[in-house]
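This is what each chain is made of:
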Amino acid sequence: MSAAPLSETELRPEPSVWDPLPDWVLPPRGGFTADDLDRLPGIPPHTELIDGTLVIDVDLTEIDRF
């Protein structure tokens, strides 16, 4: 008797607060630049650069559901 194969969601669990943070979370000395914004992998869509800081746009429709 063999076990059923795992589904895609079972193979890749949901992100957790215990997962390591991406490198772009911590800014470099002097802050981020426009060049950094263009080359950082995995930043959320609609991320803005204001005075060397990444500002991430929160989808309020997701918050309003709770």
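Residues numbered from 1 in each chain as written. Predicted model: local features only at pLDDT ≥ 70, side-chain atom pairs only at ≥ 80, totals over all residues. Heavy atoms only, no water.

**Section: the overall build of the chain**
- Along its length, the chain carries 3 helices and 2 strands.
- Reading the chain from its N terminus to its C terminus gives the helix and strand order α-α-β-β-α.
- Counting every position in the chain, which comprises 66 residues, the buried fraction comes to 12%.
- At a minimum sequence separation of 6, the contacts of the chain that also span at least 24 residues come to 7%.
- By element, 59% of the accessible surface of the chain is carried by carbon and sulfur atoms, the whole surface being about 6300 Å². (Helix = DSSP H or I, 4+ residues; strand = E, 2+ residues; numbered from the N terminus. Buried < 20%, exposed > 50% of the residue type's maximum accessible area, 1.4 Å probe, protein only. Contact = heavy atoms within 4.5 Å. Areas by Shrake-Rupley, 256 points an atom, 1.4 Å probe, with all protein chains shown as cover.)

**Concerning the pattern of salt bridges**
- Per the counting criterion, the structure on display carries 1 salt bridge.
- Between R39 and D36 there is a salt bridge, with its nearest N and O atoms 2.7 Å apart. One end of the pair, R39, and the other, D36, are both in helix α2 (residues 34–39), 3 residues apart, so they sit about a helical turn from each other.
- According to the relative accessible area criterion, D36 is buried, its value standing at 9%. (Salt bridge = Lys/Arg side-chain N within 4 Å of Asp/Glu carboxyl O.)

**Regarding a nonpolar patch on the surface**
- A contiguous nonpolar surface patch, about 330 Å² in accessible area, is contributed by L21, V25 and L26.
- Take L21: it is sitting in the loop between α1 (8–11) and α2.
- Overall, L21 belongs to the exposed group, its relative accessible area being 65%. (Patch = residues over 30% accessible without salt bridge, like charges linked within 9 Å, V, L, I, M, F, W, Y side chains within 5 Å.)

**Looking at the side chain of T47**
- Topologically, T47 is positioned in the loop between α2 and β1 (48–50).
- For T47, a relative accessible area of 13% puts it in the buried group.
- Looking at T47, its side chain comes within polar contact range of the main-chain oxygen of P44, at 2.5 Å.
- Those residues in contact with T47 that sit more than four places away from it in its chain are L37, L54, V55 and I56. (Polar contact = N/O pair within 3.5 Å; in protein donor to acceptor, adjacent residues only side chain to side chain.)

**Section: the side chain of D36**
- Among the polar contacts made by the side chain of D36, one reaches the main-chain amide nitrogen of T33 at a distance of 2.9 Å.
- Sequence-distant contacts of D36, that is, excluding residues within four places in its chain, are made with P28 and G31.

**Concerning the environment of P44**
- With respect to the helices and strands, P44 occurs in the loop between α2 and β1.
- The spatial distance from the C-alpha of P44 to the C-alpha of D57 is 8.2 Å, given a sequence separation of 13 residues.
- Not counting residues within four places of it along the chain, the set of residues in contact with P44 comprises W24 and I56.

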